[in-house]
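Breakdown of the fold
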Amino acid sequence: MPELPDVETFKRYLDATSLHKTIAEVDVRSERLVAGATPDELASTLRGHAFTSTRRHGKHLFALLDGGGALELHFGMTGELEAYQDSGREPEYAQAVFAFENGDHLALVMPRKLGELRLVDDVDAFVEEQALGPDALDDAFDADAFVRALSGRRGMIKSALMTQELLAGLGNVYSDEVLFQAGVHPRTKVADLDEAKLGELYRTMRRVLRVVVDHRARPDELPDGYLTGRREEGAPCPRCDGEIRTIEVSGRTGYYCPDCQD
DNA sequence: CCTATAGCCTGACGGC
DNA sequence: TGCCGTCAGGCTATAG
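Residues numbered from 1 in each chain as written. Chains lettered and ligands numbered in written order. Predicted model: local features only at pLDDT ≥ 70, side-chain atom pairs only at ≥ 80, totals over all residues. Heavy atoms only, no water.

Moving on: the protein's contact with DNA strand B. Not every one of the 13 residues close to DNA strand B is listed here, only the nearest: R32, R112, K113, R153 and R154. In DNA strand B, atoms within 4 Å of the protein come from the sugar-phosphate backbone in 76% of cases. The contact in question runs from a phosphate oxygen of DNA strand B to an N or O atom on the side chain of R153, over 2.6 Å. One of the backbone N or O atoms of R154 is found 2.8 Å from a phosphate oxygen in DNA strand B. Among the residues making up the surface near DNA strand B, the classes are represented as four nonpolar, four polar and five charged. (Near = heavy atom within 4 Å. Polar contact = N/O pair within 3.5 Å; in protein donor to acceptor, adjacent residues only side chain to side chain. Nonpolar A, V, L, I, M, F, W, Y, C, P; charged D, E, K, R; others polar.)

What follows is the structure, given as structure tokens:
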């Protein structure tokens, strides 16, 4: 789930539920979730402080702290946020719980422990260290920058779109959606797409990401004609009479319509 | 430079 | 019902 539109939704959720509340305690249930520190160190650093604002870069969310620095959250394949008040209402699979002094809680819910929490001094430095490409929805990431990011690539377009070092934010699901909306086959070689086609792909990508964010990344609520809610072998194509098929690309199972995408 | 593979971790689902 | 294999929306390391 957690690709750019999902993480953007989490960001807005955190903004709406958990800013400017003093952190009383942080309970991390899995040591492996915390990068670069122990759960105790994480807790003692956060205790007594508050999240003041958030940033997002690709699939990474940053909760900025009063006094500087930030908590980086990465959601792996299954992570999400859930706020609640009564501690008896803690959701199942909560791997980290932030308890605020006012009695509110924010849980990082993650059935599979493939995410990450990390204290960072500086968000921009983190993005650089991780060698993340520009955020796919960043204002400064224009069509020229998109073409530049993909130029020289010898592999398949779906692989390139999912490579976070080139551009940050797309994963398996939304790379499929973008390619479906653009009518481009997932295994198309990047080198076979001319600049005009790449420009078209860029505009499609931006539109898809904005639309999905506007719908809070809920597959069932996306407009007619979207593939994301129909990720099932043999499902009817939302745009033609054909059927959705799966295809293996870079070790991931992609969904596409053989009739609409070539 | 790029792809394939395995591994991390654990729940859901289908088949027998 | 129970057991087992397979798969799952991320990412990394390794080998070719």
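Before going further, it helps to examine the domain arrangement of chain A. Segmenting chain A into domains produces domain 1 (4-129) and domain 2 (143-256). For domain 1 and domain 2, the distance between their C-alpha centroids amounts to 29 Å. Taking both sides of the interface into account, the surface hidden between domain 1 and domain 2 amounts to around 840 Å²; carbon and sulfur atoms contribute 69%. Per-residue buried area on domain 1 facing domain 2 is highest for L4, P5 and K59; these three make up 55% of the total on that side. (Domains from an automatic or database assignment. Buried area = accessible area lost by both parts, 1.4 Å probe.)

The next thing to look at is the environment of T204. Mapped onto the elements of the fold, T204 is located in helix α7 (residues 195-214). A C-alpha to C-alpha distance of 9.7 Å links T204 and F180, two positions 24 residues apart in sequence. Setting aside residues no more than four positions away along its own chain, T204 makes contact with V178, Q181 and A182. (Helix = DSSP H or I, 4+ residues; strand = E, 2+ residues; numbered from the N terminus. Contact = heavy atoms within 4.5 Å.)

Here we take up the layout of surface pockets. Computed from the structure, the second largest pocket encloses a volume of approximately 220 Å³. What lines the second largest pocket is a set of 10 residues, among which T9, F10, E80, R216 and R218 lie closest to the centre. Elements with a minimum of two residues in the lining of the second largest pocket: α1 (4-18) and β6 (80-84). When residues of the lining of the second largest pocket are assigned to their parent elements, the largest contribution, four residues, is made by α1. (1 Å grid on protein atoms, 1.4 Å probe; cavity = no way out; pocket = protein on both sides within 12 Å on 5 of 7 lines; lining within 4 Å. Points joined across faces, edges and corners; volume = space filled by probe spheres on them.)

What follows concerns the nonpolar core. Residues F146, L150, I157, L201 and M205 are the most contacted members of the largest nonpolar core, which totals 33 residues. Breaking this core down by element, the ones donating at least two residues are α4 (143-150), α5 (157-162), α6 (172-182) and α7. Counting residues per element, this core draws most heavily on α7, which supplies eight residues. Aside from chain neighbours lying at most four places away, what touches L150 is I157, A160, L166, V190 and L198. Core analysis: the second largest hydrophobic core is formed by 27 residues, L14, V28, L106 and L117 among them. (Core = buried A, V, L, I, M, F, W, Y, C linked by side-chain atoms within 4.5 Å. Buried < 20%, exposed > 50% of the residue type's maximum accessible area, 1.4 Å probe, protein only.)

This part covers the packing of aromatic side chains. Per the counting criterion, the structure on display carries seven aromatic pairs. Aromatic pair F51 and F98: ring centres 5.8 Å apart, planes at 70 degrees, arrangement edge-to-face. Of this pair, F51 sits in strand β3 (residues 51-57) while F98 sits in strand β7 (residues 94-100); the two residues are 47 residues apart in sequence, bridging distant segments of the chain. Side by side, F51 and F98 carry an identical accessibility label, which is buried. Relative to F100, the ring of F51 has its centre 6.4 Å away and its plane inclined at 80 degrees; by these criteria the two rings are edge-to-face. Of this pair, F51 sits in strand β3 while F100 is found in strand β7, placing the two residues 49 residues apart along the sequence. The exposure classification of F51 matches that of F100, with both residues buried. Here a set of aromatic residues connected by ring pairs shows up, and it is made of F51, F98 and F100. (Phe/Tyr/Trp six-rings, centres within 6.5 Å; stacked < 30°, edge-to-face > 60°.)

Before going further, it helps to examine the packing of α6 against α7. The contact between α6 and α7 brings their axes to 9 Å, and the two run at 125 degrees. In this view, α6 runs oblique relative to α7, as classed from their interaxial angle. The way α6 lies across α7 gives a crossing that is right-handed. In this structure, α6 uses Y174, E177, V178, L179, Q181 and A182 to contact α7, whose residues at the interface are K197, E200, L201, T204, M205, V208 and V212. When grouped by side-chain class, the residues that make up the contact of α6 with α7 number eight nonpolar, two polar and three charged. (Axes fitted to C-alpha atoms, helices over the stretch in contact; angles between N-to-C directions. Parallel < 35°, antiparallel > 145°, perpendicular 65-115°, else oblique. Left-handed = near helix turned anticlockwise from the far one by under 90°.)

Now for a negative patch on the surface. Judged by side-chain charge, D121, D122, E128 and E129 come together as a negatively charged surface patch. Here E129 shows up in helix α3 (residues 123-129). (Patch = residues over 30% accessible without salt bridge, like charges linked within 9 Å, V, L, I, M, F, W, Y side chains within 5 Å. Areas by Shrake-Rupley, 256 points an atom, 1.4 Å probe, with all protein chains shown as cover. Salt bridge = Lys/Arg side-chain N within 4 Å of Asp/Glu carboxyl O. Lys, Arg positive; Asp, Glu negative; His and termini not counted. Charge placed at Lys NZ, Arg CZ, Asp CG, Glu CD.)

Mapped onto the secondary structure, K59 falls in the loop between β3 and β4 (60-65). Among the polar contacts listed, one links the side chain of K59 to the backbone oxygen of L170, at a separation of 3.4 Å.

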